[in-house]
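# Fold and geometry: a report
Take a look at the letters that make up each chain.
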Amino acid sequence: MRYVTHHSARHSFVSVLQAQGVEVGLVAKLAGHANPAVTLGHYTQAVRGGAGALALLDAAYGGAGAATGGAR
């Protein structure tokens, strides 16, 4: 697995939450943003075309099999 910085992990975390439809106020709180406008300003672009990004994340991290302990 390639090296992942804390910044890229945080960006992925917030982007996936938004793409999954988690309420922006909660995402902002989890990210430590002062208000949801900050979250929307920084991460909205990542949500567009989110299905493709989620498919890539799923492939990179093993998909549902990894989350449930299934074999790969």
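Above this note sits the structure.
Everything in this summary refers to the structure shown in the same document. (Residues numbered from 1 in each chain as written. Predicted model: local features only at pLDDT ≥ 70, side-chain atom pairs only at ≥ 80, totals over all residues. Heavy atoms only, no water.)

## With respect to the overall build of the protein
Along the backbone of the protein there are 5 helices and 0 strands. When the elements of the protein are put in sequence order from the N terminus, they spell out α-α-α-α-α. Buried positions account for 17% of the 72 residues belonging to the protein. Within the protein, counting contacts between residues at least 6 apart in sequence, those at least 24 apart form 45% of the total. (Helix = DSSP H or I, 4+ residues; strand = E, 2+ residues; numbered from the N terminus. Buried < 20%, exposed > 50% of the residue type's maximum accessible area, 1.4 Å probe, protein only. Contact = heavy atoms within 4.5 Å.)

## So, helix H1 (residues 6-19)
Across its 14 residues, H1 extends 20 Å between first and last C-alpha, which sits within 8% of the 20 Å expected from 1.5 Å per residue. Taken as a whole, H1 has its buried residues at Val 14, Ser 15, Leu 17 and Gln 18. Viewed along the axis of H1, the buried residues span an arc of 160 degrees, placing them on a single side of the element. Positive phi shows up at Gly 21, right after H1, with a value of about 90 degrees. (Expected span 1.5 Å × (residues − 1). Arc of directions from axis to C-beta.)

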